[in-house]
Amino acid sequence: MRLSSYYIPTLKEDPADAEVMSHKLLMRAGMIRKLTSGIYSYLPLGLRSINKVARIVREEMDRAGAMEVSLPMVQPADLWVETGRWDYYGKELLRVKDRHGRDYCLGPTHEEVITDLVRGEIKSYKQLPINLYQIQTKFRDEIRPRFGLMRGREFIMKDAYSFDKDDEGAEKSYWKMFEAYKAAFSRIGLCFKPVQADSGAIGGDFSHEFMVLADTGEDTIASCKSCEFGANLEKAKVAQPQGVCHCDAEQTSAFEEVETPDARTVDEVCAYLNIKSDQLIKTLLLKVDGKEPVLALIRGDRELNAIKLRNLVGGNEIEMADEALVKDLTGAPVGFAGPVTLSKNIRTFADHELCTKSDWVTGANKADTHYRHVSLGRDCEIDKFADLRVIEETDVCPECGKEIEFTKGIEVGHVFRLGTKYSEKMDATFLDENGKAKHLVMGSYGIGVSRIVASAIEQNHDENGCIFPPPIAPFEVALISLGGKDEAVTAKAEELYDIISKLNIEVAYDDRKERPGVKFADADLIGYPMQLVLGGKGLKNGIVEAKDRKTGEKTELPLDDFVEAFTAWREEIWAKWGLDM
Ligand code: ATP
Ligand code: MG
């Protein structure tokens, strides 16, 4: 490609609305342009990168035996009504009407469509397993589209769906995808980690997110410093506390009322009673699916993990009870609820560490009043002690007991076991070996193709611009000619351009009539992993200068033995990225 005739509208300034580096650099390097909030056009360079990611993903999906399809983006509402998601999916689903007034949505994901596609067509266990995937534009009306390609409303996703005859098969399909993802992300050149993620009502350990490690990530990951353990914070188990159960401790005196005028928050109560926050139990009154109230008890200095609670109580959505409900159920204003003397009809869950101690302070369900010397087993009815809180960095690894650390991550992929959730709702069955109708056991697997390009930049950039991993760089090599009016240099540069092109290596040949400084700055900004610079002096000395964009290291390649020297140097660069060519 000749830069003199290529469309790369670079920008000198960062766009005002860009907060993260990938967004700034993708805009400045002329790779994307915003059409409207969360909706971007991909320009030639940007699209090349996206297509390279897609190609690697496609190759790994094919290798794993998945088959590519292309499903419609416009989906009829009826299918979503069948699964209940027309109501449940909420405002992220962009709904439209056709000229006859019929409802449709723009596909944010394709479980309904794919299940509809195979139901009735997969008739026998002999046709299973299968895995179908596509790489396609998705639309999600995100509440806060931001960070450019990171969280768009329109974005490119690879989504795959597996169908098996039983759980055992589904498990195999799951791990096959897991391995395919590892292979794809490694080939792309990303530094990533698969972490345990929430698997919702399905339960079990069949949900993993693939996280690209970067400070700008929106997710927090708890990882063990010693073993393989890694989990999204919303999933991370907290190790079962050691020691005996003190719930029924005999030594604690009977609970008694204590006045706490106007002290509602943990801090206020602790200050008033002169106790530490780990001596108090926080009582949270919540509502499941807008109806059933439940109580969650956690230590005063801890944070409730609402997802763990939701998985425990069942139901879709958990929210804090409003003031009126608190008043109605406890007879007291907000801030004084407690598990003692509360109606027995409310299901009560306590974090498992509350079992290791007795003598707690809790709310007394009475204005300006708390109880002290509360012993949970003795004074309250707890339906279940369970892991309910958010893990903290000072906690130990739930798997090996050693130190953990928190890091930020960008979710670039998600593998998920669906079970029969969709096949039951949509009645997608097959006949098993005994001629009995069974529901298909499904899995779904997503990769954020466009988000990967942004993540790669988040992970690899400097003050001068992007530093693309070679496999997904828009062009692998920049050839910068400093010829100007020197025809000998120009002729040699043309020759090198020809040689590299014939090696089937993608090269961006900067043949523009620009100052050297402009050419260097543009090459750095766009982030071609390899740069070759040919000038008058070099030509005289029989060399072309070669720069590794990642390390900044420069070497000289001999012109008379160019192909061999260049090929060896290129191999070295890939190796520095930890990549095979
Ligand atoms: P997130 O928590 O980031 O919203 P998600 O859980 O909604 O992601 P999935 O439904 O699992 O995502 O979609 C599969 C993949 O698609 C994600 O792993 C992510 O890489 C990508 N993705 C999801 N939403 C967006 C978006 N708004 N913009 C770009 N990529 C996205
Ligand atoms: Mg989302």
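The structure this text deals with has already been given above.
Each chain has its residues counted from 1, following the order in which its sequence is written. Here every chain gets a letter starting at A, and every ligand a number starting at 1, in the order they are written. Where totals are concerned, whole chains, interfaces and linings use all residues; where local detail is concerned, this predicted model gives features only for residues with pLDDT of at least 70, and gives and counts side-chain atom pairs only at 80 or more. The basis for the side-chain values is all heavy atoms of the structure; hydrogens and waters are excluded.

Caption draft 1: Quick look at the state of the cysteines. The disulfide criterion used throughout: a pair of cysteine sulfur atoms within 2.5 Å. Scanning all chains against the criterion turns up 0 disulfides. Left without a disulfide partner, Cys400 is nearest to the cysteine sulfur of Cys224, which lies 3.5 Å away. Accessible area is worked out with a 1.4 Å probe on protein chains only. A residue is then buried under 20% of its type maximum, exposed over 50%, and partly exposed in between. On the accessibility criterion, Cys400 (34% relative accessible area) is partly exposed.

Caption draft 2: View of helix α1 (residues 21–28). Secondary structure elements follow DSSP: runs of H or I no shorter than four residues count as helices, runs of E no shorter than two count as strands, and numbering proceeds from the N terminus. Extensive coverage of α1 is indicated by the burial of 7 of its 8 residues. Within the sequence span of α1, burial applies to Ser22, His23, Lys24, Leu25, Leu26, Met27 and Arg28. Elements that come into contact with the buried residues of α1 comprise β1 (32–36), β2 (39–42), α12 (449–459), β25 (461–462), β26 (465–466) and α14 (516–526). Gly30 lies just past α1 and shows a positive phi near 70 degrees. By definition, residues are in contact when any of their heavy atoms lie within 4.5 Å.

Caption draft 3: Local environment of the pattern of salt bridges. Throughout this description, the term salt bridge denotes a Lys or Arg side-chain nitrogen within 4 Å of a carboxyl oxygen of Asp or Glu. Under the counting rule described, the total for this entry stands at 52 salt bridges. The salt bridge partner of Glu292 is Arg347, with a shortest N-O separation of 2.9 Å. Here the residue Glu292 occupies a position in strand β15 (residues 292–299), and Arg347 occupies one in strand β17 (residues 347–351), the gap between them amounting to 55 residues. For the salt bridge of Asp351 with Arg389, the shortest nitrogen-to-oxygen distance reads 4.0 Å. Of this pair, Asp351 sits in strand β17 while Arg389 sits in the loop between β20 (384–386) and β21 (404–419); the two residues are 38 residues apart in sequence, bridging distant segments of the chain. Here the salt bridges do not stand alone but share partners, grouping Arg299, Asp301, Arg302, Asp351, Glu353, Arg389, Glu392 and Asp395 into one network.

Caption draft 4: Up close: helix α6 (residues 167–188). To estimate the expected span of a helix, subtract one from its residue number and multiply by 1.5 Å. Counted at 1.5 Å a residue, the expected span for α6 with its 22 residues is 32 Å, and the 31 Å between its end C-alpha atoms agrees. Residues of α6 that are buried include every one of Gly169, Ala170, Ser173, Tyr174, Met177, Phe178, Ala180, Tyr181, Ala184, Phe185 and Ile188, and no others. Gly189, located one to two residues past α6, shows a positive phi value of around 95 degrees.

Caption draft 5: Main features of the sheet that holds strand β27 (residues 477–481). Reading across from one edge, β28-β27-β29-β30-β31 is the order of the 5 strands in this open sheet, with mixed pairing throughout. What marks the edges here is a single partner per strand, and that holds for β28 (507–510) and β31 (554–558). Across the sheet, the axes of successive neighbouring strands diverge by a mean angle of 25 degrees, strand direction being ignored. Should DSSP find at least two bridges between two strands, the strands are taken to pair. Note that β27 and strand β29 (residues 530–534) share 5 bridges and pair parallel. Across the sheet, residue Ser481 finds its bridge partner in β29, namely Leu534. The convention used is that axes are lines fitted to C-alpha atoms, helices contributing only their stretch in contact, and that angles between N-to-C directions extend from 0 to 180 degrees.

Caption draft 6: Focus on the site of ligand 1. Taken together, 15 residues surround ligand 1, and among them Arg140, Glu142, Arg151, Gly152 and Glu411 come closest. With respect to ligand 1, the backbone of Val412 contributes an N or O atom lying 3.4 Å from an oxygen atom. Polar contacts, as counted here, are pairs of nitrogen or oxygen atoms within 3.5 Å of one another; within protein the pair requires one atom able to donate a hydrogen and one able to accept it, and residues that are adjacent in sequence qualify only if both atoms are side-chain atoms. Take His414: an N or O atom from its side chain is 3.2 Å from an oxygen atom of ligand 1. Starting from 580 Å² of accessible surface for ligand 1 in isolation, the protein chains cover 82%. Proximity criterion: a residue is near a molecule or strand once any of its heavy atoms comes within 4 Å of it. Accessible surface is estimated by sampling points in the Shrake-Rupley manner with a 1.4 Å probe; for residues, cover comes only from the protein chains shown.

Caption draft 7: Highlighting unusual backbone geometry. Cis peptide bonds are those with omega within 30 degrees of zero, and the linkage from Leu128 to Pro129 qualifies with 0 degrees. Tracing the sequence through the fold places Pro129 in the loop between α5 (111–118) and β7 (130–139).

Caption draft 8: Expanded view of the packing of aromatic side chains. Between 30 and 60 degrees the pair is tilted, below 30 it is stacked and above 60 it is edge-to-face, where a pair is any two Phe, Tyr or Trp rings, Trp via its six-membered ring, whose centres lie within 6.5 Å. Within the structure shown, the criterion is met by 16 aromatic pairs. Considering the side-chain rings of Trp175 and Phe178, the 4.9 Å spacing of their centres and the 65 degrees angle between planes classify their relative orientation as edge-to-face. Of this pair, Trp175 and Phe178 both sit in helix α6, 3 residues apart, which is roughly one turn of that helix. On the accessibility criterion, Phe178 (8% relative accessible area) is buried. With a centroid separation of 5.3 Å and 10 degrees between ring planes, the pair formed by Phe562 and Phe566 is classed as stacked. Here the residue Phe562 and the residue Phe566 both occupy positions in helix α16 (residues 562–576), the gap between them amounting to 4 residues, near one helical turn. Note on Phe562: relative accessible area 3%, which makes it buried. Ring-pair connections join several aromatic residues into one group, and the members of that group are Tyr174, Trp175, Phe178, Tyr181, Phe185, Phe192, Phe206 and Phe210. Any Lys NZ or Arg CZ found within 6 Å of a ring centre and within 35 degrees of that ring's normal is scored as a charge over the ring. Residue placement shows Lys357 over the ring face of Trp360; its charged tip is 4.4 Å from the ring centre. Just above the ring of Phe206 sits the side chain of Arg417; from NZ or CZ to the centre is 4.2 Å.

Everything listed here is a matter of coordinates, which is why it stays silent on function.
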